[in-house]
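# What the coordinates show
Here are the chains, one letter per residue:
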Amino acid sequence: MFESLIGLVAIIVLFVIISRQQSRIGLIERELGALRSLVLSGAPVLPPQAKEPAANDSKPADAAAPVTVAADIASSPTTAAVVSDTEADADTTAPSAPESAQPAAAAKAARQSDVETALGTRWAVWVGGIALALGGLFLIRYTIEAGIFGPRVRLVMAAALGLVLVAGGEFIRRTGFRVPVQGAAGAYIPAILTAAGAFILFGTVYAAYSVYGFIGPTLAFTLLGAIGVATIAASLVHGQALAGVGLLGAMVTPLLVASQAPNPWALFGYLAIVLAATCVIARIRDWRLLMAAAFVATGIWTIFYMTDAPGANLAVILFIDAVTLAVLAFVWLGRRDEAVAGSGFDWPSIAPGFFVGLSALALFVDPAFAAIRGALPGAALVAALVAVALYRPRALALLHAAGLATVLVYLGIIPPTTIASDFSGGALGVDGMPVVASDALMFRVGIALSLVFIGAGFWAARRFAASGWLRAAAWAAWSAVAPLVILLALWSAFGNLDRDLAYAAVAAVLVGVFVAGGEWIARGEAPPLTGGAAVSFALGGAAIAGLLMLHMAFGSGWTTILLGAAAVVPALATRWRSYPVLGWISVGAVIAVLGRAAFDPTIVGAEFLSKTPVFNWLLLGYGVPALAFGFAAWQLARTTNGRPRLAMEAGAALFALLAVAMLVRHAMHGGVIDTAAATLAEQAIYTLIAIGAGAILVAIDMRSPSSVLRYGSIAAGVVSVAFIVLQHFLVLNPLLTDESTGSIPVFNLLLLAYLLPAVATGALALYTRDKRPKWYAAMLAVMAAVLAFAYATLSVRRLFKGEFIGLWSGLGQLETYTYSALWLVIGVVLLTAGVWLRSQVLRIASAALISVAVLKVFVFDMSELEGVLRALSFIGLGAVLIGIGLFYQRLLTRAAREA
C-alpha cells in the first residue's frame, strides 16, 4: 500500500510539472510556426515599431493562417508531388472543359477523391496495423508448430518485433511526419505502429507467463502493467486511440495473471496507479471519453471485488473509492477555468458517482458488511461524494449519487419493504424482513447524514442562486428530500406510528430550518427575493415536514382539520413574499386533505364517529378545510393571484359540497356512512360531486381559459346526467327497489337524491347558458325539470304510503287525483319560469308535462276515479288550460304592441 501511495503522489507531481511545461512548449511552437510561415512566404520581417502603409490595410488580417498551413503541407515531399500532379491535371483539362460542366466535374472529382482517400490512406493503414500485430503472433505460432526455434528465442524475437514497431512509430513521428491528405488524420501511422507493437508485447509477456512459465505472476503482472501505463503515456504524442489500447491492456492485466494467494492491496494499488496515470494524460489532452472509461473500469473492478463480500477487505474498498474521488477532484477537475461560478457539467463524473454510490449502498444493506458495522464507512462515502460535489461544482452527478444512495438505504429500513442485497450472489432485491443495520447505529448515521445534506445543500444553493439556478435547485432539492426520507424511515422503524411527540418535534424543527434556508437562499438570488426553483424546493420541503409533524403529533381527525387550516399559512405569507411556490403549497394542502378524506371518509374512523346529526366530526373534517380554502383563495386573489387561487376556489367549493353531502348521508343512515351496499343516497352524493365538479371547472375556465377545463366541464355534466338516468331513475329508484326513504318528513332520501340534484343541475344550466354549447345547457335544464318532477311526484307518493313507496303497494283515488293536480301546477310553474327566463326548453317541458296531465285525466282518471274526485279532476284541468290560453293570448298581444 505504501508503494502505491508513493506512485500515486509521484504521478500527481508529474502531472503538475507536465502541465506547466506543456503551456510553455505550446507557446514556443506557435511562435516558431509564425516565423516559419513568414520565411516560406518571402514576406519581409518588420520591426515591432514599423507600421504598414495605409494602402495595405485592405489585406485580410488572418492571411497568415493559410500561409502557415500551406507551408506545413509544402514541407512534405509527398504533398508536393500530390500538389504538382493536381496542378498539371488542372492545366491540361481546364481549357477543353466547357464552363457549364465545371461544377459537375468538380463534384465528381471530390467524390472520387473521398473514396480514394478512404481506401488509400485510412483503411490501408488500419488494416495494415492489424495485419502487423496478427502477423507477429502468427509468426510465433508458426515457429512453435514447426519447432524452428526454442521457446526463449521465439519470445525474444516477438519482443524484438514489438519493440521495432514501437521504435518505428517513434522514428516516423520524429522525422517530421505529417498527414498528407485532408480526412486521413484518423489513420495516424505512428500511433498505429505503436499500438501494434504494444499488442505484440502484451502477448509476448502473457505467453512467457501462462504458456511456458518462464516468469512468475509477480513479474508478469509488473511487466504487463508497465506496458499498459507506458502505452497510455505514449498517447500524449500519438492520440487518444492509443491511450484506449493501453487502458484496455492495463485493466485486463489482473485477469490474465492468476495467483494462488491474491493480494488485494497489490491489485488495487496497481489500479490506483493506472487510474491516476490515465487521468493525468486525459487531463492534459482533455480526453473525456478516456477518463470516463478509466472510471468505469476501476468501478467494475471494485464491484467485482465486493461480490466476494465475506472475504472482501473493507479497507481496500475504502482505499480505491477514496483514490477515485481524489483523482476526480484534484487531477481531472483540478484547475479548470469556469466562465461563471457553478456553470458546466462534467459527464465523466457520472461514472465515479455511480460506482462509489453503489459501494456505499452495498456497505449499508449487504448482510455481510452490515454485520461488521459497514454503515459507518458507507456514510463516510456518502459524505465524501457530497464534499467532492461541493468542492467541484461541475461534478454535480456525485450529489445525485449520494442522494439516491441515502434514499434507497433509508427506505430499505421501513418494514416490510426492506431493501437487501447479497453481493456474494450478485443480487440486489427486496426482502420482507428488516436488515441487520436497522438499529441504533442507523439512527445516529441518519442524523449525521441529514446534517450533511442540510448544511452542504443550503450553502451550495445560496452560492449558486444567482449564477446557476438549476445547480442551486438540485442542491436545495436534496437538502430537503434526504432529511425528510430519513425522518420518515426512522419514525417508521423506531417510533410510535400512532402518536410520537418526539419525532413531531424533530419535524417541527425541520419546518423552521427549511423556511429559514429558503429565505436565506432567496436573499442570494439576482434579483433577490424572487423565489426561484431552489427556494421552491426549500419551502416545499417545509410543507412536507409540516404534514409529517401533524400526522405524528395528532390523531386522524385533528390531522385532517389542522392540515386543511394550514393552507391559510402560505396564503398569508404572500403578503410579505411573492414567491410563486406559496400558492402551490396551499394547493398541496388541498390535495393532501382530499387524499385523507378519500382514505377515510369518516375523518376519525367509523367506530369513533358520533351518530349525532350535523354536529360531529364530519362537520369539522369537511367544513373547516372548506372555510380555510375559501379564505386562502380570497387572500391569494389580493396578492399573487394566478392558477393557485383558482384551485383554492375549486377546493373550497368541492369541500363545501362534500360537507353537505356527507352530513345528509350521515343523518339518513343513522350515523353510518361507510356501508358496503350501494344505495341511492351514496349515488346521490356522487352525482352532486360530479355536478359540483362541472361547475368548478366552468368557473376556473372562465377566469383562466383552457381546452382541458372546457371539455372536462362538459364531460362532468354528461356524467352527471348519465348517473341520474341510470341510477336515480332506473337501478336505484325507490319505486322499484322499495328502499326506505327515511323517517324524517322533509330531510329524507328524496331530498338528497332528487331535489338537491335538481337544484344543482338547474343552477349549472343557468350558469352555463352563455358559456357552453346550447345543447349542453338545454340537457341540464331538461334534467333539472325531470328531477323536480320526480321529487314532487315521489313526495306525494311518500305522503300517502309512508317510508316505503314501492309500486306494488297500489294507488288510491285521492293519490291519483293529487298527481293530476300536482303535474298541472308543475306545468304552470315551468311555463312561468320559461317565460321569465326566456327559456324555450322550459316552455317546451311545460307543454309536455301538461300534455301528460291531460292524457292522464282523460284516460286514467275518467276510468279510475269516482264521484267528486272525477269532477274536480276535469274542472281543475279545464281551469288550468283556459288560464294557460289566456296567458298566451295576453303575451302575444303585448308582443304585437311592442312590435
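The rules behind each value
Residues numbered from 1 in each chain as written. Predicted model: local features only at pLDDT ≥ 70, side-chain atom pairs only at ≥ 80, totals over all residues. Heavy atoms only, no water. Helix = DSSP H or I, 4+ residues; strand = E, 2+ residues; numbered from the N terminus. Buried < 20%, exposed > 50% of the residue type's maximum accessible area, 1.4 Å probe, protein only. Contact = heavy atoms within 4.5 Å. Areas by Shrake-Rupley, 256 points an atom, 1.4 Å probe, with all protein chains shown as cover. Core = buried A, V, L, I, M, F, W, Y, C linked by side-chain atoms within 4.5 Å. 1 Å grid on protein atoms, 1.4 Å probe; cavity = no way out; pocket = protein on both sides within 12 Å on 5 of 7 lines; lining within 4 Å. Points joined across faces, edges and corners; volume = space filled by probe spheres on them. Nonpolar A, V, L, I, M, F, W, Y, C, P; charged D, E, K, R; others polar. Salt bridge = Lys/Arg side-chain N within 4 Å of Asp/Glu carboxyl O. Expected span 1.5 Å × (residues − 1). Phe/Tyr/Trp six-rings, centres within 6.5 Å; stacked < 30°, edge-to-face > 60°. Lys NZ or Arg CZ within 6 Å of the ring centre and 35° of its normal. Axes fitted to C-alpha atoms, helices over the stretch in contact; angles between N-to-C directions. Parallel < 35°, antiparallel > 145°, perpendicular 65-115°, else oblique. Left-handed = near helix turned anticlockwise from the far one by under 90°. Patch = residues over 30% accessible without salt bridge, like charges linked within 9 Å, V, L, I, M, F, W, Y side chains within 5 Å. pLDDT = per-residue confidence, 0-100.

### A look at the overall build of the protein chain
Scanning the protein chain from terminus to terminus reveals 32 helices and two strands. A buried classification covers 43% of the 899 residues belonging to the protein chain. Excluding contacts between residues fewer than 6 apart, the proportion of contacts in the protein chain whose partners are at least 24 apart in sequence is 72%. For the protein chain, the computed accessible surface area is about 44300 Å², with 70% contributed by carbon and sulfur atoms.

### Some thoughts on the nonpolar core
With 118 residues, the main nonpolar core has F364, Y410, W475 and F514 as its most contacted residues. Element by element, the count of residues in this core is highest for helix α17 (residues 469–494), at 14 residues. Look past the residues within four positions of F514 in its chain and what remains in contact with it is I454, F458, S479, A480, P483, L484, A538, L539, G541, A542 and A545. V593, A626, A650 and I696 belong to the second-largest nonpolar core, a separate cluster that totals 33 residues.

### Thoughts on empty space enclosed by the protein
Within the structure shown, the criterion is met by two cavities of 30 Å³ or more. Among the secondary structure elements, those contributing two or more residues to the lining of the largest cavity are α10 (288–306), α11 (314–332) and α12 (350–365). Across the lining of the largest cavity, the residue classes break down as four nonpolar, four polar and one charged.

### Focus: the pattern of salt bridges
Pairing between side chains becomes possible if they bear opposite charge and their charged atoms approach one another. Evaluation of the coordinates by the stated rule reveals six salt bridges. D346 is the partner of R288 in a salt bridge, and the nearest nitrogen-oxygen pair spans 3.5 Å. With R288 in helix α10 and D346 in the loop between α11 and α12, this residue pair connects regions lying 58 residues apart in the sequence. You can call R288 partly exposed: its relative accessible area is 23%. Overall, the relative accessible area of 0% leaves D346 in the buried class.

### Some thoughts on unusual backbone geometry
Following A526, the chain continues into P527 via a peptide bond in cis, with omega recorded as -5°. As for its position among the elements, P527 is in the loop between α18 (501–523) and α19 (533–553). Non-glycine residue D286 carries a positive phi angle of around 55°. Secondary-structure assignment places D286 in the loop between α9 (264–285) and α10. When its relative accessible area of 36% is taken as the criterion, D286 is described as partly exposed. One non-glycine residue with positive phi stands out, namely V614, at about 70°. Relative to the helices and strands, V614 is located in the loop between α22 (580–599) and α23 (617–637).

### Points about α17
Spanning 26 residues, α17 covers 37 Å between terminal C-alpha atoms, matching the ideal 38 Å at 1.5 Å per step. Of all 26 residues that make up α17, 19 are buried, and the element is covered over most of its length.

### Focus on the packing of aromatic side chains
Taken as a whole and judged by the stated rule, the model has 13 aromatic pairs. Between W301 and F304, the aromatic rings sit 6.0 Å apart at their centres with planes inclined by 85°, giving edge-to-face as the arrangement. Of the two residues, W301 and F304 are both situated in helix α10; the distance of three residues between them amounts to about one turn of the helix. The class of W301 is buried, set by a relative accessible area of 11%. Seen from their ring centres, F631 and W634 are 5.5 Å apart, and the 35° between their planes marks the pair as tilted. Of this pair, F631 and W634 are both found in helix α23, three residues apart, which corresponds to roughly one turn of the helix. Judged by relative accessible area, which is 33%, F631 ranks as partly exposed. Overall, W634 belongs to the partly exposed group, its relative accessible area being 39%. These aromatic residues form a ring-pair network of at least three members: Y622, F629 and F655. Here the guanidinium or amino end of R471 rests over the ring plane of F464, the centre of that ring lying 5.9 Å away. Above the face of the Y767 ring, K771 is positioned so that its terminal group lies 4.4 Å from the ring centre.

### Re the packing of helix α15 (residues 396–411) against helix α16 (residues 440–464)
Running from amino to carboxyl end, α15 crosses α16 at an angle of 150°, the nearest separation of the two axes being 12 Å. Taken as axis vectors, α15 and α16 run roughly antiparallel relative to one another. Note that α15 runs across α16; the crossing there is left-handed. Facing α15, whose interface residues are L399, A402, G403, T406, V409 and Y410, α16 presents M442, V445, G446, L449 and F453. Counted by class, the contact of α15 with α16 contains eight nonpolar, three polar and no charged residues.

### Considerations on a nonpolar patch on the surface
A surface patch of nonpolar side chains, about 410 Å² in accessible area, is lined by L289, F345, W347 and I350. With respect to the element layout, F345 can be found in the loop between α11 and α12. For F345, a relative accessible area of 41% corresponds to the partly exposed category.

### Remarks on the side chain of Q635
On the secondary structure map, Q635 appears in helix α23. Residue class for Q635 comes out buried when judged on its relative accessible area of 3%. Residues contacting Q635, with those up to four places away along its chain left out, are A571, L572, T574 and R575.

### Thoughts on α19
Each α-helix turn comprises 3.6 residues. Residues three or four places apart therefore point the same way. Helix length check: α19 (21 residues) gives 30 Å between terminal C-alpha atoms against 30 Å at 1.5 Å per residue, within 8%. Those residues of α19 that fall on the buried side of the exposure criterion are A534, V535, A538, L539, G541, A542, A545, G546, L548, L550, M552 and A553. Lining the buried residues of α19 we find α16, α17, α18, α20 (556–565) and α22.

### What to know about the packing of α10 against α12
Two elements in contact, α10 and α12, have axes whose closest approach is 8 Å; the angle formed by their N-to-C orientations is 15°. Here α12 runs roughly parallel to α10, going by the angle between their axes. Where α10 crosses over α12, the handedness of that crossing is left-handed. Residues A292, F295, V296, G299, I300, T302, I303 and M306 of α10 touch α12, and the partners they reach there are A351, P352, F355, L358, S359, A362 and L363.

### Regarding the environment of H666
Examined against the element boundaries, H666 turns out to sit in helix α24 (residues 643–668). For the pair H666 and K611, spaced 55 residues apart in sequence, the C-alpha separation works out to 7.6 Å. For H666, the residues in contact, after removing those within four places along its chain, are L609, S610, K611, T612, P613, N616, L618, G671, V672 and I673.

### A short note on the side chain of T687
Position of T687 among the secondary structure elements: in helix α25 (residues 680–703). Taking the relative accessible area as the measure of exposure, T687 reaches 0% and is therefore buried. Beyond its immediate sequence surroundings of up to four residues, T687 is in contact with S720, F723, I724 and H728.

### Some points on the confidence of the model for the protein chain
Summary statistics for the protein chain give a mean pLDDT of 75 and a share of 68% for residues scoring 70 or more. Across the protein chain, α18 holds the top mean pLDDT of 96, while helix α2 (residues 64–74) sits lowest at 37. Note on residues 105–113: pLDDT is under 50 here. Beyond four places in sequence and across chains, it has zero contacts. Every residue in residues 115–124 is under pLDDT 50, and counting partners more than four places away or in other chains gives 12 contacts.

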